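Single-letter residue listing:
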Amino acid sequence: MSELEPLIETFDAAAGYLDWAAFGPLSPAVRAEMNADAALLGTGRRTGIDLVASRVDEARELVATVLGCAADEVVLQPSTTHGLLHAMQGLTGAVVVSAQEFPALRITARRAQDARGLLTVREIDPADGIVTVDAVAEALTDDVTAVAVSLVDFRTGALADLSGLRELIGDRLLIVDAVQAFGVVDVDWAAADVVCGNGYKWLRAGRGTGFSRFSDRARERIEPVLSGISGMQGDAATTGFPPPLPTAGAYSIAPSDPLAASRLAVAVRDVVDAGIPAVAAELRARAQDVMNLADRYGVPVLTPRDRHAGIVTLLPDPQDAAPLAAALANHGVTVTARGATIRVSPHIGTGADSLQLLGDALAQVATTRVVVIDAPTGELDLGALES
């Protein structure tokens with residue numbers, strides 16, 4: 001039995017579920033821990049309430065273990081977006097963001113610009129929306145103080161070059177949306193100054209399990225504008241206007257939900273115990289299985305073959321898009337169809353049964369594919385024929 005086998009065996013989602021980049025059905029361990037802690041909170045006993053409350057520190061320490069940082073650099077958040085809001089609202093200068101980024105990044109940056117007038121958003125529009133070192137380099141000027149990027153692009157599955165970006169931007173802050181990567185991508189997180197993520201996708205921990213890491217350098221430069229009662233020094237009895245905490249806790253508004261922390265702790269512990277490098281390698285292998293099926297049945301793949309994690313984005317020919325979406329639904333395959341693309345996201349527990357359903361759907365479209373005729377010449381488009 002491989003080291004990953006115990007974790008793989010915990011996957012019990014229905015066959016055909018290939019949408020982990022959208023939502024990760026809760027793991028058995030998460031469901032069990034959530035129910036146990038909920039029962040403790042229902043007793044009204046101080047010991048039970050305090051025990052569940054301790055999950056907050058446990059989750060912070062486990063996240064810090066993955067990120068390779070001190071626990072006091074990590075603060076739990078209700079979502080990835082909450083963490084990014086703290087980062088953007090406290091920034092000054094200019095931040096480079098892709099115009100095709102997930103809204104959690106580009107909208108929080110724009111809101112900060114409009115709200116305080118201390119931050120300017122510098123948008124870039126790289127090919128296919130994939131942020132590269134070269135694309136960022138073209139936007140760097142002396143007034144740029146930060147670069148914000150998703151480690152894994154939500155549309156294409158492209159994996160950003162964190163070390164390359166770090167080397168390029170020098171002393172500027174690197175802000176990373178890690179929601180599509182944390183726990184399933186083996187990367188040197190030390191390259192980032194701010195890391196914001198959530199456990200409701202690949203970690204299978206459910207919503208509300210967000211977190212942020214603010215490095216020493218980030219805390220020096222990002223004002224905790226949105227800091228609330230949980231982010232201040234002192235306690236509820238402290239009068240006046242207490243200063244913010246000297247730790248990442250300053251970037252919080254209210255006390256963390258201990259049940260969410262419990263779910264996050266269990267989920268992170270599972271991937272840490274299995275070994276994130278092994279999880280990352282297995283996930284890439286499942287993504288390659290999807291790419292192989294797409295290649296077999298002549299469906300173009302938008303995802304970069306050399307830099308990806310678990311997301312595989314298909315870009316079917318226009319005449320195939322609707323039939324493919326229908327075939328996937330009819331075969332019980334759950335994916336995300338967005339515009340002209342179909343995003344397929346397997347996990348390490350994706351079995352042969354799910355891949356078989358995907359292959360059957362792709363095969364159905366291939367066998368009924370319409371042959372395109374070039375009207376001016378009357379020539380067949382051989383690329384439209386199944387090989």
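Basis of the calculations
Residue positions are given per chain, counting from 1 as you read along its sequence in written order. Since the coordinates come from a predicted model, pLDDT governs what is reported: local features require at least 70, and pairs of side-chain atoms require 80 or more to be given and counted, while whole-chain, interface and lining totals use all residues. Excluding hydrogens and water, the side-chain values take into account all heavy atoms of the structure. Note on conventions: DSSP H or I runs of at least 4 residues are helices, E runs of at least 2 residues are strands, and numbering of each starts at the N terminus. We compute the radius of gyration over the C-alpha atoms and compare it with the globule rule, which gives 2.2 Å times the number of residues raised to the power 0.38. Whether a residue is buried, partly exposed or exposed follows from its accessible area with a 1.4 Å probe, protein chains only, as a fraction of its type maximum: under 20%, in between, or over 50%, in that order. Only heavy atoms matter for contacts: two residues are in contact if any of them lie within 4.5 Å across the pair. Every angle, taken between N-to-C directions, lies between 0 and 180 degrees, and every axis is a line fitted to C-alpha atoms, over only the stretch in contact when it is a helix. Orientation is classified from the angle alone, with under 35 degrees giving roughly parallel, over 145 giving roughly antiparallel, 65 to 115 giving roughly perpendicular, and any other angle giving oblique. Should the near helix be turned counterclockwise from the far one by less than a right angle, the crossing is left-handed, whereas a clockwise turn marks it as right-handed. Under the scheme applied here, ten amino acids are nonpolar (Ala, Val, Leu, Ile, Met, Phe, Trp, Tyr, Cys and Pro), four are charged (Asp, Glu, Lys and Arg), and all others, including Gly, are polar. Residues with no salt bridge and a relative accessible area higher than 30% make up the patches, which join like charges within 9 Å and nonpolar side chains (Val, Leu, Ile, Met, Phe, Trp, Tyr) within 5 Å. Residue-level accessible areas treat just the shown protein chains as cover; the underlying method is Shrake-Rupley with a 1.4 Å probe. Any carboxyl oxygen of Asp or Glu within 4 Å of a side-chain nitrogen of Lys or Arg constitutes a salt bridge here. Aromatic pairing here means that ring centres of Phe, Tyr or Trp (its six-membered ring) are within 6.5 Å. Orientation follows from the plane angle: under 30 degrees is stacked, over 60 is edge-to-face, and everything else is tilted. We define a polar contact as two N or O atoms separated by no more than 3.5 Å, with the added condition that, inside protein, one atom must be a possible hydrogen donor and the other a possible acceptor, whereas residues neighbouring each other in sequence contribute only through side-chain atom pairs. We define a nonpolar core as any set of buried Ala, Val, Leu, Ile, Met, Phe, Trp, Tyr and Cys residues linked to one another through side-chain atoms lying within 4.5 Å. At least two DSSP bridges between two strands are required for those strands to pair.

Caption draft 1: Expanded view of the overall build of the protein chain. For the protein chain, the helix and strand inventory stands at 13 helices and 10 strands. Compactness check: the protein chain gives a C-alpha radius of gyration of 23 Å against a globular reference of 21 Å for 387 residues, within 12% of the reference. Expressed as lengths along the three principal axes of its C-alpha atoms, the size of the protein chain is roughly 80 × 55 × 30 Å. Here the protein chain holds 387 residues, and 50% of them are scored as buried. Residue pairs at least 24 apart in sequence account for 69% of intrachain contacts in the protein chain once pairs closer than 6 positions are excluded.

Caption draft 2: Main features of the packing of helix H2 (residues 28-41) against helix H10 (residues 258-274). Viewed as axis vectors pointing N to C, H2 and H10 meet at an angle of 150°, and their least axial separation amounts to 9 Å. Judged by the angle between their axes, H2 and H10 are roughly antiparallel. By crossing handedness, the relation of H2 to H10 is classed as right-handed. When H2 is examined against H10, the residues Ala-29, Val-30, Glu-33, Met-34, Asp-37, Ala-38 and Leu-41 are found in contact with a partner set consisting of Leu-259, Ser-262, Arg-263, Val-266, Ala-267 and Asp-270. Per-class residue counts for the contact of H2 with H10 are 8 nonpolar, 1 polar and 4 charged.

Caption draft 3: Representation of a nonpolar patch on the surface in the model. There is a patch of nonpolar side chains on the surface, built from Val-225, Leu-226 and Ile-253 and spanning about 210 Å² of accessible area. As for its position among the elements, Leu-226 is in the loop between helix H9 (216-221) and H10.

Caption draft 4: Up close: the packing of aromatic side chains. Applying the stated criterion to the full structure yields 6 aromatic pairs. Considering the side-chain rings of Phe-102 and Phe-154, the 4.9 Å spacing of their centres and the 75° angle between planes classify their relative orientation as edge-to-face. On the criterion of sequence distance, the pair formed by Phe-102 in the loop between strand E2 (93-98) and helix H6 (103-116) and Phe-154 in the loop between strand E4 (144-150) and helix H8 (162-169) is long-range, its members being 52 residues apart. Accessibility expressed as a relative area gives 35% for Phe-102, which makes it partly exposed. Seen from their ring centres, Phe-182 and Trp-189 are 6.1 Å apart, and the 50° between their planes marks the pair as tilted. Site record: aromatic cluster; members linked through ring pairs are Phe-11, Tyr-17 and Trp-20.

Caption draft 5: Structural context of the side chain of Ser-252. As for its position among the elements, Ser-252 is in the loop between H9 and H10. Only 2.7 Å separates the side chain of Ser-252 from the backbone oxygen of Gly-249, close enough to count as a polar contact. With residues near it in sequence (within four places) discarded, Ser-252 still touches Val-75, His-86, Leu-226, Ser-227, Gly-228, Ser-230 and Gly-231.

Caption draft 6: Up close: the nonpolar core. If you look at the biggest cluster of nonpolar residues, it comprises 66 residues, and the most contacted ones within it are Leu-151, Val-176, Phe-182 and Trp-189. Per element, the largest residue contribution to this core is 8 residues, and it comes from H10. The residues touching Val-176, leaving out its near neighbours within four places in the chain, are Val-149, Leu-151, Leu-162, Trp-189, Ala-192, Val-194, Val-195 and Cys-196.

Caption draft 7: Geometry of the sheet that holds strand E9 (residues 336-338). An order of E8-E10-E9 is seen for the 3 strands of this open sheet, with the pairing classed as antiparallel. For this open sheet the edge positions go to strand E8 (312-314) and E9, each flanked by a neighbour on one side alone. Strand after strand, the sheet turns through a mean of 25° between neighbouring axes, direction not considered. For E8 and strand E10 (residues 341-344), the ladder comprises 3 bridges, and the chain directions are antiparallel. Opposite Leu-314, over in E10, you have Ile-342 as the bridge partner.

Caption draft 8: Layout of the environment of Asp-270. On the secondary structure map, Asp-270 appears in helix H10. Separated by 241 residues in sequence, Asp-270 and Ala-29 have C-alpha atoms that sit 8.7 Å apart. If we skip the residues at most four places from it in the chain, Asp-270 touches Leu-7, Ser-27 and Ala-29.

Caption draft 9: Molecular detail of the pattern of salt bridges. Following the criterion strictly, the structure yields 19 salt bridges and no others. Note that Arg-55 and Glu-33 form a salt bridge whose closest N and O atoms lie 2.9 Å from each other. Here Arg-55 is found in helix H4 (residues 55-67), whereas its partner Glu-33 is found in helix H2, with 22 residues between them in sequence. The partner of Arg-55 in a salt bridge is Glu-58, with the nearest N and O atoms 3.3 Å apart. On the criterion of helical spacing, the pair formed by Arg-55 and Glu-58 is a turn pair, its members being 3 residues apart in helix H4. Because the salt bridges share partners, they merge into one network encompassing Glu-33, Asp-37, Arg-55, Glu-58 and Arg-269.

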